[in-house]
Structure formats: C-alpha cells, structure tokens
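Topology and contacts: notes
Chain by chain, the residues:
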Amino acid sequence: MFTTAFIAILVVMFVLLLRVALGPTIFDRILAINTFGTAIVLLIALFGFLTARPDFLDIALLYALINFISTIAVLKLFRHDSLGKSVDE
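Now for a quick tour of the structure. Remember, it's a predicted structure, so these values are computed and weren't measured experimentally.

**A closer look at the overall build of the protein**
Each helix and strand in the protein was counted, giving three helices and zero strands. When the helices and strands of the protein are placed in sequence order, the string is α-α-α. Overall, the protein is about 55 × 30 × 10 Å in size when its C-alpha atoms are taken along their principal axes. Residue burial in the protein is summarised as follows: out of 89 residues, 19% are buried.

**Quick look at the packing of helix 1 (residues 2–22) against helix 2 (residues 26–50)**
Closest axis-to-axis distance for the helix 1/helix 2 pair is 9 Å, and the angle between their directions is 160°. Our classification of the angle between helix 1 and helix 2 gives roughly antiparallel. As for how helix 1 packs across helix 2, the hand of that crossing is left-handed.

**Looking at helix 3 (residues 55–80)**
Helical geometry: 3.6 residues make up each α-helical turn, so side chains three or four residues apart lie on a common side. Taking 1.5 Å of rise per residue, the 26 residues of helix 3 would be expected to cover 38 Å, and the 38 Å separating its terminal C-alpha atoms lies within 8% of that figure. If you check which residues of helix 3 are buried, you get Phe-56, Ala-60, Asn-67 and Thr-71. Tucked into the core, helix 3 has its buried residues touching helix 2. Following helix 3 by one or two positions, Asp-81 has its phi on the positive side, about 60°.

**Comments concerning the pattern of salt bridges**
Here the structure, examined in full by the defined rule, presents two salt bridges. With a shortest N-O distance of 3.8 Å, Arg-19 and Asp-28 are connected by a salt bridge. Residue classification places Arg-19 among the partly exposed positions, given a relative accessible area of 40%.

**Remarks on the environment of Ile-7**
Here Ile-7 is to be found in helix 1. Its relative accessible area of 49% is what places Ile-7 among the partly exposed residues. Remark: the alpha-carbon pair of Ile-7 and Leu-43, spanning 36 residues in sequence, is separated by 9.9 Å.

**With respect to the packing of aromatic side chains**
This model, assessed by the stated rule, comprises two aromatic pairs. Look at Phe-47 and Phe-56: their rings are 5.3 Å apart centre to centre, the planes differ by 80°, and that puts the pair in the edge-to-face class. The buried category is assigned to Phe-56, whose relative accessible area is 18%.

What counts and what doesn't
Residues numbered from 1 in each chain as written. Predicted model: local features only at pLDDT ≥ 70, side-chain atom pairs only at ≥ 80, totals over all residues. Heavy atoms only, no water. Helix = DSSP H or I, 4+ residues; strand = E, 2+ residues; numbered from the N terminus. Buried < 20%, exposed > 50% of the residue type's maximum accessible area, 1.4 Å probe, protein only. Axes fitted to C-alpha atoms, helices over the stretch in contact; angles between N-to-C directions. Parallel < 35°, antiparallel > 145°, perpendicular 65-115°, else oblique. Left-handed = near helix turned anticlockwise from the far one by under 90°. Expected span 1.5 Å × (residues − 1). Contact = heavy atoms within 4.5 Å. Salt bridge = Lys/Arg side-chain N within 4 Å of Asp/Glu carboxyl O. Phe/Tyr/Trp six-rings, centres within 6.5 Å; stacked < 30°, edge-to-face > 60°.

Structural measurements only, silent on function.
Here it is as structure tokens:
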C-alpha cells in the first residue's frame, strides 16, 4: 500500500516537472513548483511513517513553511519587480 503511494507521488512529481518545463506562463510554472514542494512534503512524511521516525514529520512541516514563504516571495518579485521598498523612495 505504501509502495503504491510512494510510486504515485513520484509519478505526480514527474508530471509536475513537465509542467514546470512546458507551462505557458510564469505563474503556471510557479504553481507547479509549489505543488512539487508539497509532493516532497508528502514523501518526507510517508518516509517518516514507514521508518517509524516521527521527527521526519517536523522536517516535513518545516519544509512546507519554507515552500510557502518562498512561493509568496517569488510571486511578489514577479509582480512588483522587487521584494521590498528601495531606499530612494
């Protein structure tokens, strides 16, 4: 059962990599990268469950937070052409 879930997540990750390479707009590519990060979180959590090590769930949650913050930062960068106000303003 877990092997099937692991293989299914890997197939989804491959499809997401194709979406990153072939996405029509930059926002589609960013969404695919964000979803790829979510799939990595699922793989880390599944691996932690399979090895009976609950500390992997903490690592998965940390990775999910980093994934979310970096996605917001990249979207802001593409929308406003900067991540913050410059000193000149």
